[in-house]
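Structure at a glance
The residues making up each chain are set out below.
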Amino acid sequence: MAEATPKKPPDWKHITEPIHDAESLKQESINANHDHLITEIETSDGPLGTTLRAVYEGKELSKFRIRLDDKIRNHDREIERMCNFHYQGFIDSIRELLTVRQDAAKLKDEVQQVDQHLQESCVPLMTKGEELVKCRRIQGNIATAVESLNLCLPVLEMYRKLQEQMTSRRFYPALKTLEQLEHTYLPRVNSHWFAQTMADDIPKQRESIKEASMSDLKDFLENIRKHSGKIGEVAMLHAAEQNNMDPAIVKATRKKTKKRRAPPPPNPFTGEVDAPPPPVIQDEEDEIEDSADSDFLSDDDDVWELSAQDLIDFSPVYRCLHIYSVLGDRERFETYYRKQRWKQARLSLQPPSNMVMSIKDHTSGQQQTEHESLDSFKRYFHDIVGFFVVEDHILNTTQGLVNRAYIDELWEMAVSKLAASLRTNTVQCKDTSMLLDVKNLIILFCHTLRGYGFSVGHVLELLLEMRDQYNDVLTRQWVDIFNEIFSEDNYTPIYVESIEEYTAIVTQFPIQDENLERFIKLEESFPKRFPFSQFVPDVYNQVKAYINACLKYSADLHLSHTEIDDMIRKSTNLLLTRTLGSCLSSLIKKPSLTLLQLIQISINMNYLEKSCLYLEEYISSITGAQNDSVHMARLHGTTMFKDAKSDAEEHIYKQLNLKIDEFMDLASYDWLLPEAKGHASGYVIDLVAFLQSTFMSFTNLPDIYLHLLEKVAKTACMSACKHIANSLKEFLLDNEIRQLTMGSLQQFNLDLIQCEQFAASEPIPGANDGNLTLAFAGIRQLLDLFLNWDWSLYLADYGQTNSKYVRVQPQVALSLLEKLHNADKKKNTIFGSLNKKERDKKKLLDTVLKQLRGLVNGSTQQIQG
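A quick note: this is a predicted structure, and the numbers were derived from the prediction, not measured.

1. So, the overall build of the protein chain
Within the protein chain, the regular secondary structure consists of 28 helices and 4 strands. Within the protein chain, buried positions represent 40% of all 865 residues. When contacts within the protein chain are restricted to residue pairs at least 6 apart in sequence, long-range pairs at least 24 apart make up 78% of them.

What follows is the structure in structure tokens.
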């Protein structure tokens, strides 16, 4: 290459040259700038972006182009001068090339001849070579195919294995196969089209596994809901054996029914449907299905020997949990499981509609209803126990599917709903035996779940609430028992005709009374009689039966002897004070009872009152609380029997007074009678005869009866005398009687004398103290005042304590005197008014009336003698 022409330095003008004008100076500046840019373009080894941007941003682009063209022309002239300078050497080189050209043509011909000869000689070789290449290519393809097959066969084998596992519903191995297929085998065959197809199908397979495992879980949940009762029954049976309780408490009655199974669902992967199973005979509520259709074992005997957890195959839960955990969706599975189990818990806690039936009679049909109701209680408890047994097993065998907080919350909800259901349903129960069965079920329920770690304190508190209801039902039953005893009693003393009958009575009722024993010993030969009637030992024995019934409820409650004793004493007090006291009150108020029957009831109350001490000893003996007698509550029966005795005595008095009123109603006085008949009225004679015979029956009783009824008889006799006196006084003061004569008062006096003679005749032995005659003192003083016409003495001594007529009230005397005055007015005539004696009597009568009115009105005027 020719040497480059040296660059000509720029033709700079001398500064000293004068500047002709501004335009030329500007033009020179532009030219200098253009020259500078061109120099940069020529000399720059790097990018020309900055220089070109400066060119195009300038305002003299056309002048720059002209300047650049001038520069190009100068370079062309320089190139041309250089070529002219080296022209001769170029001509020499061309000549040498022409000489070489001839030799090259000759060489070419020779080479062509050799090549043609070589081509002809190599034709067989080329043929064999092509065959060899083809064979080598086939061999290479075969090796490549074998290598590819060696890579693809494990993938295809794993895929086939996956399909078999999916068909046989072995989801967990299928999931592991998918993991190996995705991460180990498919990356080896990424170049094959089927690898991408398989890779795209893997998420679908995982979803299919999730859906299939979830389907198995749903089947498991459905089966576990159906068979929770069987699980709970087995768990409660084992708890009954461990706590030495009767296993019959647990088992519910089952009916054998022929049940047709539903056809199995199609396989979710293959679509195949298995042949439907034949119908089987199963228990109606708690059937035990085979392993293909249920989680339970098919042999019923084996079921009772296994634990509750062994009855169930929990693999669907574990499998589904593991699958969702591996697939990163564990939280969704836990939420779904807890939500479904919470719903099932609510279903299990919902009591059946026929759980409680009110038992009103004991016919065969109604008794069957009671069994059905108790079976409903059993199944209700079975379902709840089965549910929590399953949850406890899930808690202990899985990590985090359920936790203790979730179980506690579920249990608290269950306890509250269980308590509410039992309160609602048991309150309708009217049968004590069923309540006892329910109590035993609740106790066994608590034992069972306590063994699984659940707190059952609130459930046990419910038993104490049910105790009050049990006692209330018992009390209502004993109302009928007591009323039946009272209705069947003859209210006569018990007669025994042999030593066996005597021993039977003494055995039934404790008799430790000196008077009674002395009375019985006096009667050496049979028949003998007790002072009380049959309802005394019957009531005593029924109270003991009630105590025993109360004790039954306390069994297995793990209460102390003192607590049991206190509970039974409280219940017995309620029985005695409310139930028996109410029954006795209703009995005593019956109008059909005779006076002798009331007397017998009063006698009976004495012995029942004394029996309370033996009832207290009996309670202490059966509860084992004898050593803690300081804190024992006393029975209130003593007070109740005293009140009942007083009530009976009051009714004796009322009954006697009612009988007296019947005689009094027969009274028929002629209040205008001029003279007395000379003998007492017939009704008074009959009344006195009745009273003498009545109180004679008291007198003729054995000494032991007199000891018991002495006070009653005296009180009854005093009450009768007072009632007769008040009735006689009411006759005289009757407002309908406007007039009466002295003859009627004299006749009335004869009747009063008859009553006074009865009172003085000592109708009751020992009643000779004069108190009976005092009952007639008021009416006696009133009659004596009128019959003796002793007004001066009455008015003079009025207000003094030692007055002869202290019991006569002024208003009573005034009323009776006005009636006499009215009668006198009617019989006085014009001739009688001329009689001095009559005039004096009338004057005295007027004076007395005036004085009595003054006393009644509070006047203190003194009568002048």
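2. A few points about helix 13 (residues 432–451)
Since there are 3.6 residues in each turn of an α-helix, residues three or four apart along the chain are aligned in direction. The end-to-end C-alpha distance of helix 13 is 29 Å, a good match for the 28 Å that 20 residues give at a rise of 1.5 Å each. Burial analysis of helix 13 places 16 of its 20 residues in the buried class, which makes it a mostly covered element. Among the residues trailing helix 13, Gly453 stands out with phi positive, at a value near 90 degrees.

3. Quick word on the state of the cysteines
Across all of its chains, the model carries 0 disulfides by this definition. Its sulfur unpaired, Cys717 is 4.5 Å from the next cysteine sulfur, which belongs to Cys721. Under the relative-accessibility criterion, Cys717 is labelled buried at 1%.

4. Some thoughts on the nonpolar core
Core analysis: the largest hydrophobic core is formed by 182 residues, its most contacted members being Phe445, Phe482, Phe486, Leu691 and Phe776. Counting residues per element, this core draws most heavily on helix 19 (residues 595–623), at 13 residues. Setting aside residues up to four positions removed in sequence, Phe486 forms contacts with Tyr491, Phe535, Val539, Leu580, Cys583, Leu584 and Leu587. Judged by nonpolar contacts, the second largest core, of 20 residues, contains Met166, Leu181, Val189 and Phe194.

5. Observations concerning unusual backbone geometry
Unusually for a residue other than glycine, Tyr491 sits at a positive phi of about 55 degrees. On the secondary structure map, Tyr491 appears in the loop between helix 14 (457–488) and strand 3 (495–496). On the accessibility criterion, Tyr491 (7% relative accessible area) is buried. A positive phi is found at Glu762, a non-glycine position, where the angle reads about 55 degrees. Considering the arrangement of structural elements, one finds Glu762 in the loop between helix 23 (742–760) and helix 24 (771–774).

6. Observations regarding the pattern of salt bridges
Taken as a whole and assessed by the stated rule, the structure comprises 20 salt bridges. Across the pair Asp70 and Arg73 runs a salt bridge whose closest N-O atoms are separated by 2.0 Å. Here Asp70 pairs with Arg73, and both are found in helix 3 (residues 61–85), just 3 residues apart, close to one helical turn. You can call Arg73 partly exposed: its relative accessible area is 44%. Residues Asp565 and Arg569 are paired through a salt bridge, measuring 2.5 Å at the closest nitrogen-oxygen approach. One end of the pair is Asp565 and the other is Arg569, both in helix 18 (residues 561–588) and 4 residues apart, which spans about a single turn. The two residues Asp565 and Arg569 agree in class, both being buried. Among the charged side chains, a salt-bridge network with shared partners connects Glu207, Lys210, Asp329 and Arg332.

7. Observations concerning the confidence of the model for the protein chain
Taken residue by residue, the protein chain gives an average pLDDT of 78. The fraction at 70 or more is 82%. Overall, residues 12–16 carries pLDDT values under 50, and its contacts beyond four positions in sequence, including any with other chains, amount to 1 contact. Throughout residues 267–271 the model reports pLDDT below 50, and contacts reaching past four residues in sequence, or to other chains, amount to 12 contacts.

8. Section: the packing of aromatic side chains
Applying the stated criterion across every chain yields a total of 33 aromatic pairs. Aromatic pair Phe388 and Phe454: ring centres 5.3 Å apart, planes at 70 degrees, arrangement edge-to-face. Of this pair, Phe388 sits in helix 11 (residues 364–397) while Phe454 sits in the loop between helix 13 and helix 14, and the two are 66 residues apart along the sequence. We note that Phe388, like Phe454, is buried. By way of ring pairs, the aromatic residues Tyr380, Phe381, Phe387, Phe388, Trp411, Phe445 and Phe454 are connected into one cluster. Between Arg338 and the ring centre of Tyr406, over which it is positioned, the NZ or CZ distance is 5.1 Å.

9. Re the packing of helix 10 (residues 330–348) against helix 12 (residues 404–426)
Relative orientation of the contacting elements helix 10 and helix 12 amounts to 15 degrees, with a least axis distance of 11 Å. What the angle tells us is that helix 10 and helix 12 run roughly parallel. By crossing handedness, the relation of helix 10 to helix 12 is classed as right-handed. Of the residues in helix 12, those in contact with Arg338, Arg341, Trp342, Ala345 and Arg346 of helix 10 are Tyr406, Glu409, Leu410, Met413 and Lys417.

10. A word on the packing of helix 9 (residues 315–326) against helix 10
One can describe the packing of helix 9 onto helix 10 by two numbers: an axis separation of 7 Å at closest approach and a directional angle of 145 degrees. Residues Val317, Cys320, Leu321, Tyr324 and Ser325 of helix 9 touch helix 10, and the partners they reach there are Arg330, Arg332 and Phe333. Tallied by class, residues from the contact of helix 9 with helix 10 come to 5 nonpolar, 1 polar and 2 charged.

11. Focus: the environment of Asp431
Within the secondary structure layout, Asp431 lies in the loop between helix 12 and helix 13. Here the alpha-carbon distance between Asp431 and Gln477, two residues 46 residues apart in the chain, equals 8.8 Å. Within the local environment of Asp431, its side chain forms a polar contact with the side chain of Ser433, the two groups lying 2.2 Å apart.

12. Focus: the side chain of Asp216
Its location among the elements puts Asp216 in helix 6 (residues 193–226). Residues within four places of Asp216 in sequence aside, it is in contact with Arg169, Phe171, Pro316 and Arg319.

About the criteria used
- Residues numbered from 1 in each chain as written.
- Predicted model: local features only at pLDDT ≥ 70, side-chain atom pairs only at ≥ 80, totals over all residues.
- Heavy atoms only, no water.
- Helix = DSSP H or I, 4+ residues; strand = E, 2+ residues; numbered from the N terminus.
- Buried < 20%, exposed > 50% of the residue type's maximum accessible area, 1.4 Å probe, protein only.
- Contact = heavy atoms within 4.5 Å.
- Expected span 1.5 Å × (residues − 1).
- Disulfide = S-S within 2.5 Å.
- Core = buried A, V, L, I, M, F, W, Y, C linked by side-chain atoms within 4.5 Å.
- Salt bridge = Lys/Arg side-chain N within 4 Å of Asp/Glu carboxyl O.
- pLDDT = per-residue confidence, 0-100.
- Phe/Tyr/Trp six-rings, centres within 6.5 Å; stacked < 30°, edge-to-face > 60°.
- Lys NZ or Arg CZ within 6 Å of the ring centre and 35° of its normal.
- Axes fitted to C-alpha atoms, helices over the stretch in contact; angles between N-to-C directions.
- Parallel < 35°, antiparallel > 145°, perpendicular 65-115°, else oblique.
- Left-handed = near helix turned anticlockwise from the far one by under 90°.
- Nonpolar A, V, L, I, M, F, W, Y, C, P; charged D, E, K, R; others polar.
- Polar contact = N/O pair within 3.5 Å; in protein donor to acceptor, adjacent residues only side chain to side chain.

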